[in-house]
Every structure is written in C-alpha cells, then in structure tokens.
Amino acid sequence: MRGFRPSLSAMMFVVAVIWIGVAALYGLLKPISNGCIMTYMYPTYIPISTMENVSSAKYGLYLYHEGWKKIDFKEHLKKLNGIPLLFIPGNGGSYKQARSLAAESDRAYQGGPLERTFYREAHLASEEGHVDMADIQLPNQYANRLDWFAVDLEGEHSAMDGRILEEHTEYVVYAIHRILDQYKESHDARESDGTATTGSLPKSVILIGHSMGGFVARAATIHPRLRKSAVKTILTLSSPHQSPPLALQPSLGDYYESINQEWQKGYEVQTTRTGRYVSGPKLSNVVVVSISGGYNDYQVRSKLESLDGIVPPTHGFMISSTSMKNVWLSMEHQTILWCNQLVVQVSHTLLSLVDSTTGQPFPETQKRLAIFTKMLHSEIPQSFNWKMQPQSSWSSRVPAKDVKDTAVPEVHTLSDCPSSFHWNDDILERDLYIETTTVTILAMDGRRRWLDIQNLGANGKSHFIFVTNLAPCSGVRVHLWPQKGKSSSDLPAGRRVLEVTSKMVQIPAGPAPRQVEPGSQTEQAPPSAVLHLAPEEMNGFRFLTISVAPRPTISGRPPPATSMAVGQFFNPDEGKIEFSPVSMLQSMHSHKDIFLKEDHPLAFNLSFAVSLGLLPVGFSLKTAGCGIKDSGILDEAGDTGNAKLCKLRCFPPVALAWDPTSGLHVFPNLYSETLLVDSSPALWTSTGTEKTTVLLLLDPHCAYKASIAVSVTTAASRFWLLYFSQIIGFCVAVIFFALMRQAHARPIPSILKAVESNLRIPFPFLPFFLAPIMFSLFFSFLSSQPFPPFSSFTIVSLICYLLANGIVILLILVSQLGFYVTAYLHVFIKTRWQLWEGNFGFLFLRWFMNLSSRFLSLKVVRVLRANPLFVPVSAAIILSTFVHPALGLFILLLSHALCCHSSLCNSLTASFRSNARKKESDYRTEDNSLSQQFKPKPGSPSKENSSSYIQTQEDTFHLRHGLLVLHLLATLMFVPSLVSWLQRIGMHQNFPRFLDSFLCICLILHGIYSSESLLNSELPFPRIMGKEVRLNSIYLIAGFYSYLSGMALAPYKALYAMGAVGIIAFALSILQAWTGATRFGRRRHWHRH
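What counts as what
Residues numbered from 1 in each chain as written. Predicted model: local features only at pLDDT ≥ 70, side-chain atom pairs only at ≥ 80, totals over all residues. Heavy atoms only, no water. Helix = DSSP H or I, 4+ residues; strand = E, 2+ residues; numbered from the N terminus. Buried < 20%, exposed > 50% of the residue type's maximum accessible area, 1.4 Å probe, protein only. Contact = heavy atoms within 4.5 Å. Areas by Shrake-Rupley, 256 points an atom, 1.4 Å probe, with all protein chains shown as cover. UniProt positions renumbered as here; feature names shortened; annotations may be inferred. Phe/Tyr/Trp six-rings, centres within 6.5 Å; stacked < 30°, edge-to-face > 60°. Lys NZ or Arg CZ within 6 Å of the ring centre and 35° of its normal. Pairing = 2+ DSSP bridges. pLDDT = per-residue confidence, 0-100. Patch = residues over 30% accessible without salt bridge, like charges linked within 9 Å, V, L, I, M, F, W, Y side chains within 5 Å. Salt bridge = Lys/Arg side-chain N within 4 Å of Asp/Glu carboxyl O. Axes fitted to C-alpha atoms, helices over the stretch in contact; angles between N-to-C directions. Expected span 1.5 Å × (residues − 1). Disulfide = S-S within 2.5 Å. Parallel < 35°, antiparallel > 145°, perpendicular 65-115°, else oblique. Left-handed = near helix turned anticlockwise from the far one by under 90°. Nonpolar A, V, L, I, M, F, W, Y, C, P; charged D, E, K, R; others polar.

### Focus on the overall build of the protein chain
- Looking only at helices and strands, one finds 26 helices and 31 strands in the protein chain.
- Of all 1089 residues assigned to the protein chain, the portion counted as buried reaches 54%.
- The contacts in the protein chain between residues at least 6 apart in sequence include a share of 79% that link residues at least 24 apart.
- Carbon and sulfur atoms make up 58% of the accessible area of the protein chain, which amounts to about 49,600 Å² in all.

### Remarks on the UniProt feature "transmembrane region" (unreviewed entry) in the protein chain
- UniProt marks residues 7-29, 720-740, 761-783, 795-821, 869-894, 963-982, 1031-1049 and 1055-1074 with the feature "transmembrane region" (unreviewed entry), using the numbering shown here.
- Across residues 720-740, the secondary structure splits into 100% helix and 0% strand, with the terminal C-alpha atoms separated by 28 Å.

### Section: the packing of aromatic side chains
- Summed over the entire model, instances satisfying the criterion amount to 35 aromatic pairs.
- Centre to centre, the rings of Tyr-295 and Phe-667 are 6.4 Å apart; their planes meet at 15°, and the pair counts as stacked. Remark: Phe-667 occurs in strand β26 (residues 663-667) and Tyr-295 occurs in the loop between β9 (287-292) and α7 (302-305); sequence separation between them is 372 residues. Pair check on accessibility: Tyr-295 and Phe-667 agree, each one buried.
- Their ring planes at 75° and their centres at 5.9 Å tell us that Phe-775 and Phe-1040 sit as a pair that is edge-to-face. A residue pair is termed long-range when its members are at least 10 positions apart, and Phe-775 in helix α16 (residues 765-782) and Phe-1040 in helix α25 (residues 1031-1047) qualify at 265 residues.
- Residue class for Phe-775 comes out partly exposed when judged on its relative accessible area of 37%.
- Three or more aromatic residues joined by ring pairs make a cluster, and in this case those are Phe-730, Phe-765, Phe-769, Tyr-801 and Tyr-1043.
- Here the basic side chain of Arg-218 rests over the ring of Trp-263, its NZ or CZ set 5.3 Å away from the ring centre.

### Describing the environment of Ile-1008
- Mapped onto the fold, Ile-1008 is located in helix α24 (residues 994-1015).
- In the structure, Ile-1008 is positioned 54 residues away from Gly-1062 in sequence and 8.8 Å away in space, judged by C-alpha atoms.
- When sequence neighbours within four positions are dropped, the list of residues in contact with Ile-1008 reads Leu-869, Val-873 and Leu-892.

### A short note on the sheet that holds strand β17 (residues 505-506)
- Pairing is antiparallel in the open sheet, where 5 strands are placed in the order β12-β20-β14-β18-β17. Each edge of the sheet is formed by a strand with only one pairing partner; in this case those strands are β12 (438-441) and β17.
- Sheet topology places β17 next to strand β18 (residues 529-533); 2 bridges connect them, and they run antiparallel. Paired with Gln-506 across the strands is Ala-529, a residue of β18.

### A few points about the confidence of the model for the protein chain
- Looking at the protein chain as a whole, its pLDDT mean stands at 83, while 80% of the residues score no less than 70.
- Per-element confidence in the protein chain is highest for strand β6 (residues 233-237), whose mean pLDDT is 98, and lowest for helix α22 (residues 929-933), whose mean pLDDT is 49.
- Per-residue pLDDT stays below 50 along residues 387-414; that stretch engages in 53 contacts with residues further than four places along the chain or on separate chains.
- The low-confidence segment residues 1078-1089, where pLDDT is below 50, has 22 contacts with residues more than four positions distant or belonging to other chains.

### What to know about a nonpolar patch on the surface
- The grouping of Phe-775, Phe-778, Phe-779, Phe-781, Leu-782 and Phe-787 at the surface amounts to a nonpolar patch, some 630 Å² of accessible area in total.
- Here Phe-781 shows up in helix α16.
- Judged by its relative accessible area of 55%, Phe-781 falls in the exposed class.

### Section: the sheet that holds β26
- Taken in spatial order, the 5 strands of this open sheet run β21-β23-β28-β25-β26, and their pairing is mixed. Of all the strands in the sheet, just β21 (576-579) and β26 have a single pairing partner and so form its edges. Averaged over all pairs of adjacent strands, the angle between their axes in this sheet comes to 20°, without regard to strand direction.
- Pairing geometry for strand β25 (residues 654-659) and strand β28 (residues 692-697), over 5 bridges, is antiparallel. Paired with Ala-655 across the two strands is Leu-696, which belongs to β28.

### Re helix α3 (residues 99-111)
- Across its 13 residues, α3 extends 18 Å between first and last C-alpha, which sits within 8% of the 18 Å expected from 1.5 Å per residue.
- At the C-terminal side of α3, Gly-112 shows a positive phi close to 90°.

### What to know about the pairing of β28
- When you tally the buried positions in β28, you get 6 out of 6 residues, the bulk of the element.
- Side chains of β28 alternate between two faces, with Thr-692, Val-694 and Leu-696 and Thr-693, Leu-695 and Leu-697 buried alike.
- One ladder, built from 6 bridges, connects strand β23 (residues 603-608) with β28; its direction is antiparallel. Residue pairing for β28: Leu-606 is matched across the bridge by Val-694.

### Observations regarding the pattern of salt bridges
- For the coordinates displayed, the defined rule picks out 23 salt bridges.
- The salt bridge partner of Glu-167 is Arg-984, with a shortest N-O separation of 2.6 Å. Taken together, the residues Glu-167 in helix α4 (residues 162-193) and Arg-984 in the loop between α23 (946-983) and α24 connect sequence positions 817 residues apart.
- Here Lys-753 and Glu-756 are joined by a salt bridge, their closest N and O atoms 3.5 Å apart.

### Focus: the state of the cysteines
- Inspection of every chain in the model, using the stated rule, returns 4 disulfides.
- The disulfide partner of Cys-626 is Cys-646, and the S-S distance across this bridge is 2.0 Å. Measuring handedness by torsion sign, the sulfur bridge of Cys-626 and Cys-646 sits at about -90° and is left-handed. Residue Cys-626 is located in the loop between β24 (617-625) and α13 (641-649), and its partner Cys-646 is located in helix α13; the two are separated by 20 residues in the primary sequence.
- In this structure Cys-626 comes out as buried when scored by relative accessible area, which is 0%.
- Judged by relative accessible area, which is 1%, Cys-646 ranks as buried.
- Bridging Cys-650 to Cys-702, the disulfide has an S-S length of 1.8 Å. Here the S-S torsion is close to 90°, and the disulfide linking Cys-650 with Cys-702 is therefore right-handed. With a gap of 52 residues between them, Cys-650 in the loop between α13 and β25 and Cys-702 in the loop between β28 and β29 (703-710) connect regions that are remote in the sequence.

### Brief notes about the packing of helix α8 (residues 340-352) against helix α9 (residues 365-376)
- At their nearest, the axes of α8 and α9 sit 10 Å apart, and the two run at 150° to each other. Between α8 and α9, the angle is such that the two are roughly antiparallel. The way α8 lies across α9 gives a crossing that is right-handed. Counted together, Gln-345, His-348, Thr-349 and Ser-352 of α8 and Ile-371, Phe-372, Met-375 and Leu-376 of α9 form the full contact between these two elements.
- Grouping the constituent residues of the contact of α8 with α9 by class yields 4 nonpolar, 4 polar and no charged.

Given below as structure tokens:
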C-alpha cells in the first residue's frame, strides 16, 4: 500500500526526537543536591467550622498550632489575636504543607529578629518607589505573632482544569471572610469572659500561595464578592503567574487571561468613557512578591513566575531563591516549602511587616514593599560590567571642599559602623605599607594596611576589589584617606576620612575548611563578602586602608577558625573573557581549556553569547600551581603535596552568574560545577540581551586550568522544559499543513507522505517555517512591542519546528503500524474462516453468527446501520456536554479508528483478490488455493473496477488517518483535565465549562463532515478576490494560527483553530444540502503512471 514506508529523512527525525527525549529524561532524573536543611516541627491542626450553605462544603479550613502539648481547641481559638495568614496549597497539595513556615514563624517570634549585620543592604529602585531605606528600621523585637491558617482543597489538581481553579478561588474568598469573622468571634468571647485585650481587629489577611495556590490568591483578590481591602499582601512560592505550566485546556488558559487582564486594569486609574475620574486604582494597596525556586524547579520555570506586565514594580517583584539573602540556593518545586534557609528568611520577613505601634501590618504599600526588598534582596550587583556600574551615592557624603569633581546624585546613604564597634587607634599594632597591587591577609593580626591609590592604581588598574570572610565592622574595616595620618584627628580641619566598610556585599560562603585540630586547617577559608570600588568612588582620596581586628574581637565574639582577605587593584579589561555561540557549540564534543597564570586578575568577567539557561556549561577548575615546587608525593586523599599546599594558600573560587529573567545565581567552592541559570531565551516575548554574565573570583596567588564544555543532557532537558508548550503548538501546525496537502493533492497521499513532502527544502519548508515568524514580528510592530532577538528566536523556532515534525511522524508511524497489524490479522482470520466454515468445531460460532444476523435484521438496527454516524455523534456530543470533553473525543477517535480499519481491510482484501486473479490467469494449469479463498462473491468489485475500488478505500484510510492524528493530539491535550476529573468522581461535580464543550463539539463536527467535504468536488466553496477558497486554504490558515499560538506559549489556542475548521466543514455540509448538490458528486479521475 502506498505511503506506508517512511523515507530516510523521516526516520532521521524520529531518531533525533527519541535521542533528545532520552537525553532529556536522563538529565531530569539525575539526583539533585540542593543544599537545603530540613525543617522540623510539632504540628497540630485545629479545624475551623464552616457554614452549611457553602457551595464547596467538601473543602476545609484549619488553624496551625506549633507544640507537642495537647491543647483545647475552643480555648485556643478564644485567645486568637495574632496576624492572620492563609496558606493556599498548589496542584495536588495538602494544607499540611504549611507546617514548615508556620513552625519557623513561631520560633522566629519567640527568638526575636535575626542578628544584625553591616553588609550593604538592598534599596528600592527609582521606579519601585520613593521610600528611603534608611527610614525602614527593622524591629528589635517582633510586635505580634503570626496565626497560620490553611485551606484543605482535597489535593485536587488545579493546574489541569480551569473549573477546579475557579472552585478553589470561590472557597478561598469564603475562607478569608471566615478567618476575619473568627477573630471577631474570638474577641467577643474574650469580652464576655472579661479577658479582652487591647488592640484592633485585623481587617486583612496575608495570603501565602504555593504553586497554583499563588494564582488562586491573586484570583481571590479581585473576586467581586471579596470584602474591600481584605487582602493587601500576597507572597507566592513557585507560582506560575504568566500562564499555566500545562497550557493545554482552553478554559484554563482563558481563565488565566481574564485574571491577568483584571490585574492589569486594577493598577489603572478608574475613569468613565468620557475620561472623567471615578476612583483610584483598585489594587493600589496590594503588594505581591513572587519567589521562584530557580533552575532546579522543573515544574514551573522562572519565566512563568515573573510579574512583568501583571504587577508594576511599584507594587511587587519576583526574586529567585538563588539570589535571596541568606538562601542563595536553587530548589525543587516541593522543596521550597521546607527548605530551612528559605523558610527562616521568609518567616522573619513576614514578622517584620508588623507595625510595633498597632500590632498589625503596615498599611503603607511602599513601606511593605521596602521591607520585602530589604529582607529578601541582596545588594550583589545585578551586572558585572565594571565600566557600566552605576555610581554609588555614598560618595555624595564627601564634603565638596575635600573632594573635587565628585558630583554624584544622592539616592541613599551609606552609614558608618555603629559606635559599639568603635576601634581605638591604640588597638591597632604597627601599620603595614603595601607596595604591590595585591594584598593578602591570612590572620586577624590587628594591623592596618595602607595602599597608595595613586601609585597602585596606575597603568589602568584603577578599580579595587576586596574579598574576605571577616565580618564588616567587627572583623575588618575599610577607609579612604585624603592623606596619611595615624588617626582622623591628625588630619587638618575639613579633611575627613570616609569609611566604606558598609559597602561590602555579602555573598554565600561555602562549607568551612576541615580542622584536624583546633587552629589547623586543610584549605583556605571561602570568602563571604566582596567590596568593589570604582575610580569615581575613590576620586579625591590618596590612600586606602584595610584594618583587621585583633584576634580577641571587639565584640567579644570568637573569631572565625580561619581568616582570609585578598584585595587587588586591577584593570577590568584584563579579566574579560567572551564565549561566542560557535565556541560554545564546539565545546559539546571538545572541552575548551583556559590557562590562568599566577598574578592574574582577582575578578574575571565571563560573557556567554548564548544564555546558560539554554546551553548550560560544565565548568571544571583545577589548581595548576601557586609558586611552590611540586613534590610529586600523594597524600591520603590522593592529592599531591603541591595541590594540598595550594588549597591552603588560595581561597576557593566563587562564581556569580546573572541572568535578566531569574536574577543572581551563586556557585561557591567552584571546582567542578554546571553553570546553569533559569532563563527563557529566544521566545516571542523575549526582549533585550540574552547573554549570561558570570563574575569569577579567583585567588591571584594560584594558577588555574579551567575547562568549559556544554552539558548535552542538561541542555536537552532544559530545551524540553522551556519549549514544551511551543512544540505542542507546532505539532498541531504540522498536522494542519499535512492535511492541507492531502486536501490539495490527487491522489490523496498518506498523512506520512504529506508531512515528508512539507519538509522539502527550500519549498514548501521555508514558507511554512518562516511565514509565521514574519507574522509574529509584524504583530509585535503593530502592538508596539519590542522585537525578540531575531537570530536566536529563529534558530530555536526552527529546532522546535523540526522536533514537532519528528513527534508527528512518530505518532503516525505508531498508529499506522497498529492499523496494519490489526488489518492483516483481520483479513487472515477472515480468509481462514472461509476454509473452516464447514468444520463441526465451529458450529457454535456459526450459531452465534446466525444470531448476530437476526439481531442486525431488526428495524431499529437497520435504521442505525443506514445512519452509522448517528450513534457515535450523539454519544460524543452528550459526553462532551454533560460529562467531560475528553470522553467525547475518545468516541470520535474510536469512530476514526473503525473507519480506518474497515477501509484498510477492504483495500487489503481487494488487493489479495486482484493478485489471486492475476495468478490464476498466469497459471491456469496449477491448482491455486488462493483462487478459491478469494473467489468473487456477489456484490464484490469486478476485475474492471477493482483498482478504482482499492484507490477509493486507500483515500478514505489516508484521510481518516490524518484526522485521527489531529484529533488524537487534541484528545491528549484534554487528558490532564480528564485525570483531575477522575480524581473527583463521587464528589460534587459541575458540568464542563462551555468553552471546552463547545470546542470539542466543533472537533466532532470536523471529524464527521470534513471527509465528505474533501472528497466531494461539487461543494459550494466561496470565492475571495476571484479565487476559490477551498479546504486546503482553510487548513493553511489554521496551521499558521496554531504556529503563532505555539510561539505565544498558548498551545490551547490551537484548539480554537480546530474548532473553526469544524464549524466551516459543518456549514459547508449544510450549504451543500440546502443547495441540493450531489452528496457524492462526480469525482475526478487520476491514473498512476
């Protein structure tokens, strides 16, 4: 049969898809070491009574209590007077997942705020607000405890079905009202007992949402039945805000779009149609903070967790856990709920929102946003281009008469060390004067080191960088001096010393070095802070001093086991290393080695032309020397004496990677690591540069050999994670393009041959591939949206389109193989049955066949057989409307499969009979059993029209097979929703969303009527500009729309194209019947030569 054997190119696509899929699966299943510490608790869950008339009575509300002692629930509720927080679990989550956050919040309230450090703190950008961070003072003692509530949503899969998401939103709105009412009930109960406490009742609830719970929190905030100002603060953990992770169900995607549009309007001033002012923005007092898990979160990518276009920077931001203060870790989707480093920081952040005067959260929006920024953000630079760094405002503190030409605009001030850490000059021992560009400190020796900025900063080495593990103020202090002096009092009036210690930025330190005995160490300590001074910041000063505290520290705290500090004047241009796309691709099969000799720059600025979120780089760093002759003797650990001494002399390397999407990623102790960021490059919505910048801190006393290679398995897994939605939309487009070729070509080619024909270069491959890309750029131009990077956008779209072709070919081959095997077995059994028909052993089967014949002769059965489409169409429409759309599509697939099987069996049977007649005519003298087996029966095709009959059956099979593949993909898109529906069997169920049912009914109409429309040559197609618009043109438009839907990461919109095609096919069929056109008109004839 024609069209069965795939071509070599098709098999290559299939092999490529399988290979990439296996590599991606291997990369995703590899165990991950996230570095998180487990959180422990003693949970008790107190049920909160709900009203009987609540529509979602199957859900529940609980109050968390931390402690191992048994408590009286009623008495505990009577004492309720804290700050209400509501935890909303995500897809398949449990209300018990609030236990880690709730337990650590209770410990934080009892233990007090975190110990204050004197590193540089984050501040609000100009577009984020106008609150001075110096005015935001964190409390010395928390004013009120947090009361953690949690909703029990029965572990339903809200990420798969829009109806479930709406029901969760309805119940969360009720839970918010119930929580506020519970506080009033508790207050009234205390008043009746005479134990009422002072303080106001809470008027709002802080919402904490994990995964889909974060989106439910936002949906509940704009719900029309929610009380005014009942929600002012929302914190989400690994929550998709831009679109659902599986954007396959139309109602789910439509619900997402409607909620996001309402949020966009919520921050706009409300006016009438004539422009008259009505009210301020509805969400002007709502702050939203989104925390992402980073690259280890395989379920939700940082791109989906972004608040861009939904919440303005003045009311919220997204931060990755990799750039959170005191966290700096990437974690899996569920780990973010119990990772102790993150849970502790979030708990202290939430407690810091409470105003000590009122005992309730701050009402000012900017103040709450400033606290989130101060507690979560670090002040590590968001870019490592030294020459483009914004000048710091602390330089404005320098008196104008002391420092000339230092006009720096003031944004925020840099404070000196507090008086409790005041150092007397008598504490410092004799001063040291450094004459080299690199200064090293290996002990807390109580000395002050002087560096001449003018001499050491010459020859282009005008920048200064300093890394250390000593704490600022208590361990080390850095000053700028206009001239030498023993103390600031020795300087003349007007010549002041400027302390820049608080400009030190904290970075995560790796594990402390091993100690054989107290005072000994096996390697140098990792740095925990970095300080960078630009030439503009040192302008007007002659000397820089680094003062190290003596070993018994001023604060009385024990010093670190090992101390280190390295500073250097350097030229930023000497540390620049750029990796082009070609070199990164070449590193897939051959490592790229970089050799760094001793006295190299302390800071290297690595620039990767392709984002590390798309091509993760395996980075291996080995110590090549440190000025010590190699002894060649191995120690117990297998290291040479040289390597052991070098580890003792040089601090462990540190890498800080920055990405525009997910922010900062820190890799401490970088000896062998895969550099990876959670970005989403080369998308339709991508803007700006997609380069990844990496700051590499290396001890200049050691020489290194660095090897860089792109990790193929990690790159494959990242590609599937990032572009899965895009590939699904492209798969639908590939099938539509193939159906277009089937509708246009005569004879009708198989769906496999149609896909292969569309891959021919240059035509028609290039028009199918490039035309949607041009359309997308044109739409971006019309909507005044920035264009994505054209080269990367085109290359990634090309790879996705080729993978989509491979996936479709694989589906076609698997389904086609199943049909052929089943048909051959059917024909074989049927022919054998003719030989065994008179056997006594088959009398029972003959009786059963006679009974079946009597049943088929009934009038009702004959009517149904005369209208074979009535039963499947009716059943499919009823199931799609009242039960679940996927069930109706299953009926449609069964109808397609039966039609394909029947056509294929008829074609094979006619082909065998034709071959038997040919052999009989060639070998008349031989007794050929095949001539008896395939003896023509009454009503069977004659010898003259057998070839035409076979051709007709093949055309029917190819056409139905193409529709089956299209509708199979549509059914698979509804399978996640079906899984969530099956989970709720036995519970209160609502009818499916109208949008889902309507589109499925349109798909059913497409499957039933498009075959007749295609085979009939007398259908009244309309004409546009003098040309007849036939079904192939409709398929082409549907394919382009599906292609654009995939690029927009909204593959569910491809179902709109399928529904539109179904409506058109149904309308043409009705029009055909209305005009009286022949149902099966005169067919065009073709011949194979």
